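Read off the chains here:
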Amino acid sequence: MRARIAKVTPLGAAERKVLRDSARMTDPVLQASINVIGTSDKVSQALEVPADGVRRLHNEANRWTAVEDELRTMLHGVAGANLVRRRQIALIAAQAYKIATELARDPANAVLLPQIEEIKRLRRIARRKKTADAPPEPQEPER
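A few words on the overall build of the protein. Secondary structure summary: the protein contains five helices and zero strands in total. For the protein, the succession of helices and strands along the chain, N to C, is α-α-α-α-α. Taken over 143 residues, the protein has a buried fraction of 7%. Of all intrachain contacts in the protein linking residues separated by at least 6 positions in sequence, the fraction that spans at least 24 positions is 18%.

Written out as C-alpha cells, the structure is:
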C-alpha cells in the first residue's frame, strides 16, 4: 500500500503542527490567490508555477484528504474489531480459570493446581501499583 502512495513522509508531532498551522487558509482566500497567479504572468513567473499547476495540486490534496478520511475510518474499524476480539479472549480466559479452579477441587484434577497457582501469582503481580506512578500524598501546611 505504501508503494502506491507517492511521497510518504513520516512527520513528528511538532512538524505536523507547524505544517498544519502554516497551511491554514480559507478556500475563498486560496481560490482568489490562485486567480492572482492566473491573472498576472509576472506573478506566475516569480513563483515558477502556473495557476493550472496550483489548481491540480489543490485538487490532488482534496482527493488525498478523502483517502486519509477513508483510511482513518478503516483504522478505527480494525481497532474496534480487535478490541472486541481481546475482550472475547479475556472473557474466555477468565472462564477457563474459574472452571479450572472448580475442577482442581477434585483430587483427580490435581494436574491443574500448578497452573492455577501460576495464574494467581501473575494476577497478583499485575494488580500491584507501581510506586513511580503513584502521586505523592498531599502534605498539610505547618502551623
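There is more to say after this.
It is worth spelling out the packing of helix 2 (residues 27-39) against helix 4 (residues 51-103) at this point. With their axes 8 Å apart at the nearest point, helix 2 and helix 4 run at an angle of 155° to one another. By the angle class used here, helix 2 and helix 4 are roughly antiparallel. Where helix 2 approaches helix 4, its residues D27, L30, Q31, I34, N35, I37 and G38 are matched on the opposing element by A51, V54, R55 and H58. Looking at the contact of helix 2 with helix 4 residue by residue, the class counts come to five nonpolar, four polar and two charged.

Here the focus is the packing of aromatic side chains. Taken as a whole, this structure holds zero aromatic pairs when the rule is applied. The ring of Y97 carries the charged tip of R123 above its face, separated from the ring centre by 4.7 Å.

Non-glycine residue E48 carries a positive phi angle of around 60°. Relative to the helices and strands, E48 resides in the loop between helix 3 (41-47) and helix 4. Judged by its relative accessible area of 71%, E48 is exposed.

It is worth spelling out the packing of helix 4 against helix 5 (residues 113-127) at this point. For the pair helix 4 and helix 5, interaxial distance at closest approach is 10 Å and the crossing angle is 135°. By the angle between their directions, the pair helix 4 and helix 5 is classed as oblique. Crossing geometry of helix 4 relative to helix 5 is assigned as left-handed. Facing helix 4, whose interface residues are Y97, A100 and T101, helix 5 presents I116, I119, K120 and R123. By residue class, the composition of the contact of helix 4 with helix 5 is four nonpolar, one polar and two charged.

Once that is clear, we can look at a positive patch on the surface. The grouping of K98, R123, R124, R127 and R128 at the surface amounts to a positive patch. A total of three residues in the positive patch trace back to one element, the largest contributor, which is helix 5. Inspection of the secondary structure assignment puts R124 in helix 5. What makes R124 partly exposed here is its relative accessible area of 46%.

Cut-offs applied
The residue numbers shown here count from 1 along each chain, following its written sequence. Predicted model: local features are reported for residues with pLDDT of at least 70 only, side-chain atom pairs are reported and counted for 80 or more only, and whole-chain, interface and lining totals are derived from all residues. Working from all heavy atoms in the structure, the side-chain values ignore hydrogens and water. Put simply, DSSP marks the helices as runs of H or I at least four residues long and the strands as runs of E at least two long, and each gets a number from the N terminus on. Working definition: with a 1.4 Å probe on protein chains only, accessible area under 20% of the residue-type maximum means buried, over 50% means exposed, and in between means partly exposed. Throughout, a contact is declared for two residues whenever any of their heavy atoms are within 4.5 Å. Every angle, taken between N-to-C directions, lies between 0 and 180 degrees, and every axis is a line fitted to C-alpha atoms, over only the stretch in contact when it is a helix. Orientation is classified from the angle alone, with under 35 degrees giving roughly parallel, over 145 giving roughly antiparallel, 65 to 115 giving roughly perpendicular, and any other angle giving oblique. When residues are grouped by polarity, Ala, Val, Leu, Ile, Met, Phe, Trp, Tyr, Cys and Pro land in nonpolar, Asp, Glu, Lys and Arg in charged, and all others, Gly among them, in polar. When the centres of two rings from Phe, Tyr and Trp lie within 6.5 Å, Trp using its six-membered ring, the rings pair. Their planes under 30 degrees apart give stacked, over 60 give edge-to-face, and anything left gives tilted. A ring is scored as having a charge over it whenever the NZ atom of a lysine or the CZ atom of an arginine sits within 6 Å of its centre and within 35 degrees of its normal. It is the rotation of the near helix from the far one that decides the hand of a crossing: anticlockwise by less than a right angle makes it left-handed, clockwise makes it right-handed. Each patch is built from salt-bridge-free residues with over 30% relative accessible area, joining like charges within 9 Å and nonpolar side chains (Val, Leu, Ile, Met, Phe, Trp, Tyr) within 5 Å. Residue-level accessible areas treat just the shown protein chains as cover; the underlying method is Shrake-Rupley with a 1.4 Å probe. By salt bridge we mean one thing: a side-chain nitrogen of Lys or Arg within 4 Å of a carboxyl oxygen of Asp or Glu. Only four residue types enter the charge count: Lys and Arg as positive, Asp and Glu as negative, with His and the chain ends excluded. Taken as the charge centre is NZ of Lys, CZ of Arg, CG of Asp or CD of Glu, depending on the residue.

So far we have only geometry, and geometry alone does not tell us how the molecule works.
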